[in-house]
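# What the coordinates show
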Amino acid sequence: MNGERFWKLWERFGLLAVILIGIVVLSISSPNFLAVDNFRNFLTQAAVVAIVGAGMTFAIAAGGFDLSVGAVFSMAACVGANVLLRHSVPLSLLASLGVGLGLGLLNGLIITKLKVPAFIATLGMMAILRGVILIYTQGRDINIIIEPARQARYKFLGGGQLAGVPTPILIMAALFLIYYVVLRHTRFGRHVCAVGSNEPAARSSGLNVDRIKATVFGLVGLSAAIAAVIQTAQLMGVSGGVSGLGLELEAISVVVLGGTSLNGGRARLFGTMLAAILVAMANNGLNLHNTPSFYQDLALGLILLFAVSIDGLRTRFQKSFSRLEAMSGQ
Amino acid sequence: MKTANAQKVAGGDVETEPGRMARFGGMWDRFGIFLILVLLLAVFAATNPYFRKPANLTNLLAQAVPLGVAAIGMTFAIISGAFDLSVGSTMALTACVMVSLIDRIGFYPALLAGLALGAVLGLINGLIVTKARVVPFIATLATLWIYRAVAFIYTKNSPVQSRDPAFTGLNGRFLGIPYLFLIMIACYLVGYVILYHTPFGRRVFAIGGNRKAAVLSGINVPRVTAMVFMLVGLFGALGGSLLAVRLWSAKADTAMGYELMVIATVVLGGTRLGGGSGTLSGTFGAALLFAVIYNAMDMFQVQSYWQKIALGGILLLALSLDGLRRRFSQ
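Predicted model only: the values in this text are computed from it and were never measured.

To continue, consider the overall build of chain B. Helix and strand content of chain B: 15 helices and four strands. Looking at chain B residue by residue over its 330 residues, the buried ones come to 53%. Nonlocal contacts in chain B, meaning residues at least 24 apart in sequence, comprise 76% of its contacts between residues at least 6 apart. Summed over its atoms, the accessible surface of chain B is roughly 14400 Å², and 67% of this surface lies on carbon and sulfur atoms.

Written as structure tokens, this is what we have:
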């Protein structure tokens, strides 16, 4: 019983505990870690992955996933940056978000109408989009050089601060609150989990599964586009060919690390956010110690492996616990 | 559809649905990919004088090899209902280690060492999946990051190469046919025997077809699964080594993104993503098909951007046709 309680606590607060331990270790090992600027810095980096991960959490909870988010991210960034060169900031935002939402819905339509598995549909979409991006940008970087007033307004979305808090963190927080309410307190949120845990049952109980799935993929695309706007505003430019490369796997890793089950039916939205923060913190720690960037991949892999192995080992333990309990009960 | 799969599990190709549509479907599954292959070859050869040159056609055969060989192991994995995202990283790491050893211990010992390393990497995947109970998608996603990072750390991010005559000489030809292609044929023969003429092969089908039934009929599912992952690692290592032969060198970012290409090849070859049915000949045909398309696009001087779009389009088209066909036969 003690074991069971421990695992319940671990499930709720495990990530938080690991983050706190990480903060203690890193602040001892490198004096620069605790600086406010450094915190702002890595939380801002976490925001991009966390927001993409928030959309992905819906997809995985609905029993699918989306390999095209990195390419959608890049496409939304490129179109938004190009529109900004000639038009106003709101129009650019509209373009980015429209591209993200549209491509996401297109994924959803391919999956539901043509009955292509999500894995294949979004893989194909990724390959196609990567080509389209290179043709659209002609392989060139887009640098946003416009009159200062407009530039400042756009830059605020990625590099600005409100009351000392960077805008990306505020956007992340607001978005997670909205998504949380949608997931937990709306019919749509419950339907997403219903579809994810048992699709045939959801279908036969009268849910419009196709529409729910298509909406979910639209949401994934939209989230990727929001993250793309933040990053474009940070860098004030985008390099279509490399932007968002590998983001799909990073986002899926973060969602799984956060405790969302790949089997679908269960979403842990704030787990996704904490996991993104943990990964960003680990990368930040490695940077502060001047380690080459590929050690970050190693760290991500090991953290992921550690987290999911614990999950697997736990079910084993729980089985033996319940067996023990059953025996002692007799 | 279910019963048809069950028949295939049993090893026969008995038609269970007597309808004309279903019989057409069965034939299509078996020979469709070769039909498309022949059609494309004919069209490209008729329309492009560079494509039909014998030197190009044999070069095309060599082009198919790294992907084709790596896809053998993946066919086993997908038939058994699992898949391995780390295969691209495995290819890179083993190729780097192999090439770096050639000048020290000679080509063939180095090749053996590379293959052994590949088997070990595969076994690690298998043990994570079976012992720590991590689903294959996540386990191999983690090792995708880890193996790639180890390759970067091992090579310090600089290319490794060798001018050993046994190594570079493998690019030669026998009666006009590249050695590499002959090696690939031999690999497919070995794979064919293992898959269709050993108890192990039948267990692979059984696990993918109905896992519970496989467990109940006394199959040691974890052991078979671990061996399947070893095969993926082994063939991945060979594919990576042969890729290094073609390039005379290896780099830590060799075969980046290959995992998705390999999976795409297997699925395009008619293996069901859910497991339980599939053919090695289909994978062979799909690997050749990809080589033909890539080669033809080079000969027609299609920009590499458009090549990506074409690749994604083909994938989506092939698989949505498959989905639509299934709908019809229901």
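Alright, that's what it looks like, and here's the rest.
Each helix and strand counted, chain A has 13 helices and four strands in total. Compactness check: chain A gives a C-alpha radius of gyration of 21 Å against a globular reference of 20 Å for 330 residues, within 12% of the reference. Judged by the C-alpha coordinates and their principal axes, chain A covers about 80 × 55 × 35 Å. Taken across its 330 residues, chain A has 53% of its residues classed as buried. Partitioning the intrachain contacts of chain A with sequence separation of at least 6 by distance along the chain shows that 77% fall at a separation of at least 24. Of the accessible surface of chain A, which amounts to about 14600 Å², a share of 65% is contributed by carbon and sulfur atoms. A gap of 7 Å separates the mean positions of the 24 positive and 13 negative side-chain charges of chain A.

Turning to the interface of chain B and chain A, a few remarks are in order. With 38 residues of chain B in contact, the opposing surface of chain A contributes 47 residues. Buried surface at the junction of chain B and chain A, both sides included, amounts to about 3600 Å², of which 83% is carbon and sulfur. Considering only the surface of chain B that becomes buried against chain A, B:W145, B:Y305 and B:L316 emerge as the three largest contributors, covering 19% of it. Our enumeration of links across chain B and chain A arrives at zero salt bridges. Counting across the chain B and chain A interface gives one residue pair in polar contact (both at pLDDT 80 or more). Contributing elements (two or more residues each) for the side of chain B that touches chain A: α6 (107–130), α7 (136–155), α13 (258–268) and α15 (304–329) of chain B. For the side of chain B that touches chain A, the element with the most residues is α15(B), which contributes 13 residues. Residue classes in the side of chain B that touches chain A are distributed as 28 nonpolar, six polar and four charged.

Turning next to the confidence of the model for chain B. Residues and elements named next belong to chain B. Summing up the model confidence of chain B, the mean pLDDT is 84 and the portion of residues at 70 or higher is 87%. Low confidence marks residues 1–17, where pLDDT is under 50. Its contacts with residues over four positions away, or in another chain, come to 22 contacts. Here the predicted complex carries an ipTM of 0.72, next to a pTM of 0.79.

Attention now goes to a nonpolar patch on the surface. Together, B:F174, B:L175, B:I177, B:Y179 and B:L182 make up a nonpolar patch on the protein surface, roughly 490 Å² of accessible area in all. According to the relative accessible area criterion, B:L182 is partly exposed, its value standing at 35%.

This next bit is on the environment of B:S89. All names here are of chain B. Within the fold, S89 resides in helix α5 (residues 87–105). Along the backbone, S89 and L121 are 32 residues apart, and their C-alpha atoms lie at a distance of 10.0 Å. Residues contacting S89, with those up to four places away along its chain left out, are L144, Y147, R148 and E259.

Formed by 212 residues in total, the largest nonpolar core has its most connected members in A:F119, A:Y154, A:I252, B:M74, B:M98, B:F137 and B:L141. The residues touching B:M74, leaving out its near neighbours within four places in the chain, are B:F83, B:D84, B:V87, B:V232, B:V262, B:I263 and B:V266.

Turning our attention to the pattern of salt bridges. All told, the structure shown has six salt bridges over all chains when counted by the stated rule. Through salt bridges with shared partners, a single ionic network connects A:K113, A:E199, A:R203, A:D210 and A:K213.

All right, on to the packing of aromatic side chains then. Geometrically, a pair of aromatic rings is defined through the distance of the ring centres and the angle of the planes. For the structure shown, the criterion picks out 17 aromatic pairs over all chains. A ring pair is formed by A:F119 and B:F83, whose centres lie 5.1 Å apart and whose planes are at 65°; its orientation type is edge-to-face. Linking A:F119 in helix α5 (residues 118–137) with B:F83 in the loop between α4 (65–79) and α5, this pair reaches from one chain into another. The same class applies to A:F119 as to B:F83, namely buried. Consider the rings of B:Y192 and B:Y196, whose centres lie 4.7 Å apart with planes at 50°: the pair is tilted.

A few words now on the side chain of A:T57. Residues and elements named next belong to chain A. Locating T57 in the fold gives a position in helix α2 (residues 36–61). Judged by its relative accessible area of 1%, T57 is buried. Excluding anything up to four places from it in sequence, T57 contacts V255, T260, A267, R268, L269 and T272.

Turning our attention to the environment of B:L315. Tracing the sequence through the fold places B:L315 in helix α15. Taking the C-alpha atoms as reference, B:L315 lies 20 Å from B:V87; in sequence the two are 228 residues apart. Beyond its immediate sequence surroundings of up to four residues, B:L315 is in contact with A:I120, A:L123, A:G124 and B:A264.

Here we come to the packing of α6(B) against helix α12 (residues 221–247) of chain B. Residues and elements named next belong to chain B. Following both chains from N to C, one finds α6 and α12 inclined at 145°, their axes separated by 7 Å at the closest point. You can see that α6 and α12 cross each other, and the crossing is right-handed. Counting all contacts with α6, which are made through L111, G114, L115, G118, A119, G122, L123, N125, G126, V129 and T130, the residues of α12 involved are P222, T225, A226, F229, M230, G233, L234, A237, L238 and S241.

Within this structure, the stated rule accounts for one cavity of 30 Å³ or more. Volume-wise, the largest cavity comes out at about 30 Å³. Considering the residues around the largest cavity, the lining is formed by A:L67, A:L249, B:L85, B:F137 and B:L260. The class makeup of the residues in the lining of the largest cavity is five nonpolar, no polar and no charged.

All names here are of chain B. Look at α4 against helix α9 (residues 179–197): their axes get within 9 Å of each other, and the N-to-C directions meet at 10°. Between α4 and α9, the crossing angle belongs to the class labelled roughly parallel. From α4, V65, G68, V69, A71, I72, F76 and I79 reach across to α9, where they touch L180, F181, M184, C187, Y188, G191, I194 and L195.

Residue and element names in this part refer to chain B. Positive phi outside glycine occurs at R133, with the angle close to 55°. Backbone geometry places N157, a non-glycine residue, at a positive phi of 60°. Following the sequence through the fold, N157 ends up in the loop between α7 and β1 (160–161).

Our focus in this paragraph is α5(B). Residues and elements named next belong to chain B. In this model, α5 (19 residues) spans 26 Å end to end at C-alpha, consistent with the 27 Å of a helix rising 1.5 Å per residue. Counting buried positions along α5 gives 16 out of 19 residues, so the element sits mostly inside the fold. Following α5 by one or two positions, G106 has its phi on the positive side, about 90°.

This paragraph deals with the confidence of the model for chain A. Chain-level statistics for chain A give a pLDDT mean of 85 and a share of 93% at 70 or above. Of all the helices and strands in chain A, helix α13 (residues 294–329) of chain A carries the lowest mean pLDDT, 69, while helix α4 (residues 89–113) of chain A carries the highest, 93.

Rules used throughout
Residues numbered from 1 in each chain as written. Chains lettered and ligands numbered in written order. Predicted model: local features only at pLDDT ≥ 70, side-chain atom pairs only at ≥ 80, totals over all residues. Heavy atoms only, no water. Helix = DSSP H or I, 4+ residues; strand = E, 2+ residues; numbered from the N terminus. Buried < 20%, exposed > 50% of the residue type's maximum accessible area, 1.4 Å probe, protein only. Contact = heavy atoms within 4.5 Å. Areas by Shrake-Rupley, 256 points an atom, 1.4 Å probe, with all protein chains shown as cover. Rg over C-alpha atoms; globule rule 2.2 N^0.38 Å. Lys, Arg positive; Asp, Glu negative; His and termini not counted. Charge placed at Lys NZ, Arg CZ, Asp CG, Glu CD. Buried area = accessible area lost by both parts, 1.4 Å probe. Salt bridge = Lys/Arg side-chain N within 4 Å of Asp/Glu carboxyl O. Polar contact = N/O pair within 3.5 Å; in protein donor to acceptor, adjacent residues only side chain to side chain. Nonpolar A, V, L, I, M, F, W, Y, C, P; charged D, E, K, R; others polar. pLDDT = per-residue confidence, 0-100. Patch = residues over 30% accessible without salt bridge, like charges linked within 9 Å, V, L, I, M, F, W, Y side chains within 5 Å. Core = buried A, V, L, I, M, F, W, Y, C linked by side-chain atoms within 4.5 Å. Phe/Tyr/Trp six-rings, centres within 6.5 Å; stacked < 30°, edge-to-face > 60°. Axes fitted to C-alpha atoms, helices over the stretch in contact; angles between N-to-C directions. Left-handed = near helix turned anticlockwise from the far one by under 90°. 1 Å grid on protein atoms, 1.4 Å probe; cavity = no way out; pocket = protein on both sides within 12 Å on 5 of 7 lines; lining within 4 Å. Points joined across faces, edges and corners; volume = space filled by probe spheres on them. Parallel < 35°, antiparallel > 145°, perpendicular 65-115°, else oblique. Expected span 1.5 Å × (residues − 1).

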